[in-house]
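# A look at the structure
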Amino acid sequence: MRTLPENQTQEELQEGAPAVDETTPGQEISSHSPRPRSKKRLVANICISFFSVLFILAGCASLWANAVLSGYQYVPDEEDQGQVSKAPIGNVNQTEEELGDAYMVDGLYHDDMVTNILLLGVDDYGSETVGRADSMLMVSLDRRHKKLKLTSFMRDTYVSIPGYNYYKLNTGYYLGALESINKGGSGNGAPLLVKTIEKNFGCDIDRYVIVDYAAFPHIIDALGGIEVELSAAEADEMNRKSGETGATEGLNQLSGAQARYYSRIRYCKYTDQETGEVYYDDYGRIRRQQHVIDTLIENFKDADAGQILSLANQIVPYLISNISPDEMLTLATDALTYMGYPMETCQIPNNELHIARRITDHSGVQDVLLLQTMDGTNTQEDTKLFLNRFIYEDSFPELAAFKLPSEQEDSASSDDTGTTSTSVE
């Protein structure tokens, strides 16, 4: 039997239950907050490796792609879930003249030349407990600006879930899965999570792909493992909980099972080998995932067509999506074009627009990321503008005009000195 969140009833989950006062920060968790980020590219997450398999497969041979892609689980949108998809997935050769300008749809920012696909790494999909979305990454295929954009959503972000109360963002998947099961469905929580992100951040999500984490070890093992530098604490954590032993402080060749657990370590600090910066909790976990992704992509580049086909045959059955087979083949056919686009990354919430706090609410005591500043100012609208500026750039006047606090300071400094400074996110 699938269970509700600990200490919760179905009634308490619905809107109307006592909500936490977001303007009361409570105990600050300063030891869990990151140091200011350097201006290098922000973090993606583990799901991109699965999507890369589909892209690279298409580059090998379209016939192979057609055969392999038929193995994923296509889940059309259920009628009672509403219309999750807003636009068909188009061919990369469609022009601006054909598709027109960007526009608002149902209060969401939208552009027919930008396809937003939400990738969800989910544990225990279809098991005796409701799966949870531990990784949430949105891939934006931006044909207007010819860019591939990756937005990683932090799971502890405290948001309003449609039809429910305030919870951590990834709880939206859990509650959606529970709804589906109660209605006799398959336990697919993606539609509610899509609505949650759309409601809170104002971006139009066109499709989603669910990736069962059971696929992850297959990828690593098929590519011969990955090299990772471990701290003593990370090695000890992995030996105790990954199911395999042998990890030591220093450079390690991790198996699939070990790499899977390494990507999810949360309670050991992470030290960036390049910059020396130290990160904790979810910040550290995302950066571990970044390292695994970077290593996988490099290994993909060295793999031959036979390896990639074998790998894809193992992975694709673990994919669940509302992308139709025809649309999936269109994506695969255009994969080489998209992979040739420059890649940009973004983290939501932005470090300037949130604070980490320990709060007490209807779920009990928990550590969350609040969309507000230290003085209690709500930053949800700024977060919405920040995200959509990243995705749609200057396609909307208010997005082009938006500036983060640091960018406003840079602009003021430029006005004072008569010189121009550029801030890169």
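Residues numbered from 1 in each chain as written. Predicted model: local features only at pLDDT ≥ 70, side-chain atom pairs only at ≥ 80, totals over all residues. Heavy atoms only, no water.

### Side note on the environment of glutamate 398
- Mapped onto the fold, glutamate 398 is located in helix H15 (residues 397–401).
- With relative accessibility at 36%, the residue glutamate 398 sits in the partly exposed group.
- Each C-alpha atom, one on glutamate 398 and one on asparagine 388, is 10.0 Å from the other, the two residues being 10 residues apart in sequence.
- Discounting chain neighbours no more than four positions away, the residues touching glutamate 398 are Tyr109 and Leu385. (Helix = DSSP H or I, 4+ residues; strand = E, 2+ residues; numbered from the N terminus. Buried < 20%, exposed > 50% of the residue type's maximum accessible area, 1.4 Å probe, protein only. Contact = heavy atoms within 4.5 Å.)

### Comments concerning the confidence of the model for the protein
- In the predicted model, the protein carries a mean pLDDT of 78, and 76% of its residues have values of at least 70.
- Across the protein, the element-wise mean pLDDT spans from 36 in strand S1 (residues 27–28) up to 98 in helix H14 (residues 380–392).
- Between residues 56–61, whose pLDDT stays under 50, and residues either more than four places distant or in other chains, the model counts 15 contacts. (pLDDT = per-residue confidence, 0-100.)

### Concerning the sheet that holds strand S5 (residues 114–123)
- Spatial ordering of the open sheet is given by S2-S15-S10-S5-S6-S7-S16, a layout of 7 strands whose pairing is mixed. Edge strands, defined here as strands with exactly one partner in the open sheet, are strand S2 (73–74) and strand S16 (343–348).
- Pairing of S5 with strand S10 (residues 207–212) involves 6 bridges; the strand directions are parallel. Looking at S10, one finds that valine 122 is bridged to aspartate 212.
- On the sheet, helix H5 (residues 171–182) packs against S5, strand S6 (132–142) and S10 and is oriented at approximately 105° with respect to S6. (Pairing = 2+ DSSP bridges. Axes fitted to C-alpha atoms, helices over the stretch in contact; angles between N-to-C directions.)

### Quick look at the packing of H5 against helix H6 (residues 190–201)
- Where H5 meets H6, the closest approach of the two axes is 7 Å, and the angle between their N-to-C directions is 140°. By the angle class used here, H5 and H6 are oblique. The chirality of how H5 crosses H6 is right-handed. Contact with H5, carried on its side by Gly172, Tyr173, Leu175, Gly176 and Glu179, involves Ala190, Leu192, Leu193 and Thr196 of H6 and no other residues of that element. (Parallel < 35°, antiparallel > 145°, perpendicular 65-115°, else oblique. Left-handed = near helix turned anticlockwise from the far one by under 90°.)

### Focus: H5
- Given a rise of 1.5 Å per residue, 12 residues ought to cover 16 Å, and the 17 Å separating the end C-alpha atoms of H5 matches this to within 8%.
- Within H5, 9 of the 12 residues are buried, leaving the element largely enclosed by the surrounding structure.
- Taken together, the buried positions of H5 are Thr171, Gly172, Tyr173, Tyr174, Leu175, Gly176, Ala177, Leu178 and Ser180. (Expected span 1.5 Å × (residues − 1).)

### Focus on empty space enclosed by the protein
- Taken as a whole and judged by the stated rule, the model has 4 cavities of 30 Å³ or more.
- Of the pockets and cavities examined, the largest cavity occupies roughly 70 Å³.
- What lines the largest cavity is a set of 12 residues, and nearest its centre among them are Asp134, Ser135, Phe153, Ile286 and Gln289.
- Secondary structure elements with two or more residues in the lining of the largest cavity: S6, strand S7 (147–153) and helix H10 (281–302).
- Broken down by element, the lining of the largest cavity gets its largest block of residues, 4 residues, from H10.
- The class makeup of the residues in the lining of the largest cavity is 4 nonpolar, 4 polar and 4 charged. (1 Å grid on protein atoms, 1.4 Å probe; cavity = no way out; pocket = protein on both sides within 12 Å on 5 of 7 lines; lining within 4 Å. Points joined across faces, edges and corners; volume = space filled by probe spheres on them. Nonpolar A, V, L, I, M, F, W, Y, C, P; charged D, E, K, R; others polar.)

### Observations concerning the pattern of salt bridges
- Summed over all chains, the structure comprises 17 salt bridges.
- With a closest N to O distance of 2.8 Å, glutamate 393 and lysine 149 form a salt bridge. A residue pair is termed long-range when its members are at least 10 positions apart, and glutamate 393 in the loop between H14 and H15 and lysine 149 in strand S7 qualify at 244 residues.
- Linking arginine 389 and glutamate 407 is a salt bridge whose minimum nitrogen-to-oxygen distance equals 3.0 Å. One end of the pair, arginine 389, is in helix H14; the other, glutamate 407, is in helix H16 (residues 405–417), with 18 residues separating them in the sequence.
- A single network of salt bridges, built from pairs that share partners, joins Asp142, Lys147, Lys149, Glu344 and Glu393. (Salt bridge = Lys/Arg side-chain N within 4 Å of Asp/Glu carboxyl O.)

### Notes on the pairing of S10
- The buried count for S10 comes to 6 of 6 residues, which makes it a mostly enclosed element.
- Residues Arg207, Val209 and Val211 point to one face of S10 and Tyr208, Ile210 and Asp212 to the other, with burial holding for every one of them.
- As defined by bridge partners, S10 adjoins strand S15 (residues 319–321) across 3 bridges and the pair is classed as antiparallel. By the bridge assignment for S15, valine 209 is matched with serine 321.

### A short note on H14
- Relative to the 18 Å expected for 13 residues at 1.5 Å per residue, H14 spans 18 Å between its end C-alpha atoms, a close match to the ideal helical length.
- Here H14 has its buried residues at Thr383, Leu385, Phe386, Leu387, Asn388, Arg389, Phe390, Ile391 and Tyr392.
- Positive phi appears at glutamate 393, one or two residues downstream of H14, with a value of about 55°.

### Examining the nonpolar core
- Of all hydrophobic cores here, the largest spans 47 residues; its most connected members are Leu118, Leu120, Phe153, Tyr173 and Ile197.
- Of all elements in the fold, only S5, S6, H5, H6, S10, S16 and H14 reach the threshold of two or more residues within this core.
- Sequence-distant contacts of isoleucine 197, that is, excluding residues within four places in its chain, are made with Leu118, Phe153, Leu169, Gly202, Cys203 and Ile205.
- Ranked by size, the runner-up nonpolar core spans 31 residues in total, among them Tyr213, Leu223, Val292 and Leu311. (Core = buried A, V, L, I, M, F, W, Y, C linked by side-chain atoms within 4.5 Å.)

### Concerning the environment of arginine 285
- One can find arginine 285 in helix H10.
- Between the alpha carbons of arginine 285 and lysine 269 there is a distance of 8.9 Å; along the sequence they are 16 residues apart.

### A short note on the packing of aromatic side chains
- What the rule picks out here adds up to 5 aromatic pairs.
- Relative to phenylalanine 396, the ring of tyrosine 109 lies with its centre 4.8 Å away and its plane at 80°, an arrangement referred to as edge-to-face. Within this pair, whereas tyrosine 109 is found in strand S4 (residues 108–110), its partner phenylalanine 396 is found in the loop between H14 and H15, the two being separated by 287 residues in sequence.
- Look at phenylalanine 396 and you get buried, because its relative accessible area is 7%.
- Each residue in the set Tyr109, Tyr392 and Phe396 is aromatic and connected to the rest through ring pairs, giving one cluster.
- Just above the ring of tyrosine 279 sits the side chain of arginine 287; from NZ or CZ to the centre is 4.0 Å. (Phe/Tyr/Trp six-rings, centres within 6.5 Å; stacked < 30°, edge-to-face > 60°. Lys NZ or Arg CZ within 6 Å of the ring centre and 35° of its normal.)

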